[in-house]
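Observations on chain architecture
Now for the letters of each chain:
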Amino acid sequence: MTVSDPLGDMLTRIRNAQMRSRPKVSTPASKLRARVLDVLREEGYIRGYAEIEYGGGKTEFEIELKYYDGAPVIRDIKRVSTPGRRVYSSVQDLPTIANGLGVAILSTPKGVMSDTRARAENVGGEILCSVF
């Protein structure tokens, strides 16, 4: 089955797993998903992820979700730029998520990074998703 928005699919799997208080969730592997998961791990929203290889060239990521006092660390995760509507932002116009408590994940010419790192490196790009 092909998915028209693989990143949106991964975010939905994370959201659904946290609603059911699952410790782990799996999603098909790709380079973009790996870079977004790296940013989520650096910012402290997930414990980590592992790449699992199956036969026939199929790989999946097993994402370890993070909870604090039984509540998910990720309160809100949503896709900003979709395949039908791309959202780009210059470094001056980067949004602040939840008054700076959340993070926006961007795809920039220097790679996938958080909004704070993009401001530090003075680079803008496509806003992939926002997390709080």
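We now turn to the structure provided with this report. (Residues numbered from 1 in each chain as written. Predicted model: local features only at pLDDT ≥ 70, side-chain atom pairs only at ≥ 80, totals over all residues. Heavy atoms only, no water.)

1. Comments concerning the nonpolar core
Counted only if it meets this: The set of buried Ala, Val, Leu, Ile, Met, Phe, Trp, Tyr and Cys residues whose side-chain atoms join them within 4.5 Å is what this entry labels a nonpolar core. Remark: exposure states derive from per-residue accessible area (1.4 Å probe, protein chains only) relative to the maximum for the residue type, with buried under 20%, exposed over 50%, and partly exposed in between. Segments assigned H or I by DSSP are reported as helices when at least four residues long, segments assigned E as strands when at least two residues long, and all are numbered from the N terminus. Here a residue-residue contact requires only that any non-hydrogen atoms of the pair lie within 4.5 Å.
In this structure, Met10, Ile14, Val36, Leu40, Ile63, Ile105 and Val131 are the most contacted members of the largest nonpolar core, which totals 24 residues. When residues of this core are traced back to their parent elements, those giving at least two are helix 1 (6–19), helix 2 (31–42), strand 3 (59–65), strand 8 (103–108) and strand 10 (125–131). Once residues lying within four places of it in the same chain are set aside, the contact partners of valine 131 are Leu40, Tyr45, Ile74, Asp76, Ile77, Ile97, Gly102, Val103 and Ile105. Residues Ala104, Met113, Ala118 and Ile127 belong to the second largest nonpolar core, which totals ten residues.

2. Some words on the environment of threonine 96
Mapped onto the fold, threonine 96 is located in the loop between strand 7 (88–89) and strand 8. Residue classification places threonine 96 among the exposed residues on the basis of a relative accessible area of 54%.

3. Here's the deal with the sheet that holds strand 3
Cut-off, in case you're wondering: Strands pair, by our definition, only if DSSP identifies at least two bridges between them. In this analysis an axis means a line fitted to C-alpha atoms, helices contributing only their contacting stretch, and an angle means the value between N-to-C directions, from 0 to 180 degrees.
In spatial order, the strands read 1-3-2; together these three strands make up an open sheet with antiparallel pairing. Lying at the two open borders of the sheet, with one neighbouring strand each, are strand 1 (24–28) and strand 2 (46–53). Each adjacent strand pair in this sheet contributes to an overall mean axis angle of 25 degrees, direction not counted. Taken together, the seven bridges between strand 2 and strand 3 define a ladder with antiparallel strand orientation. Looking across to strand 3, one finds that tyrosine 49 is bridged to isoleucine 63. Helix 2 contacts strand 1, strand 2 and strand 3 of the sheet and is inclined by roughly 155 degrees relative to strand 2.

Note that every value here comes from positions in space, so none of it alone points to a role or purpose.
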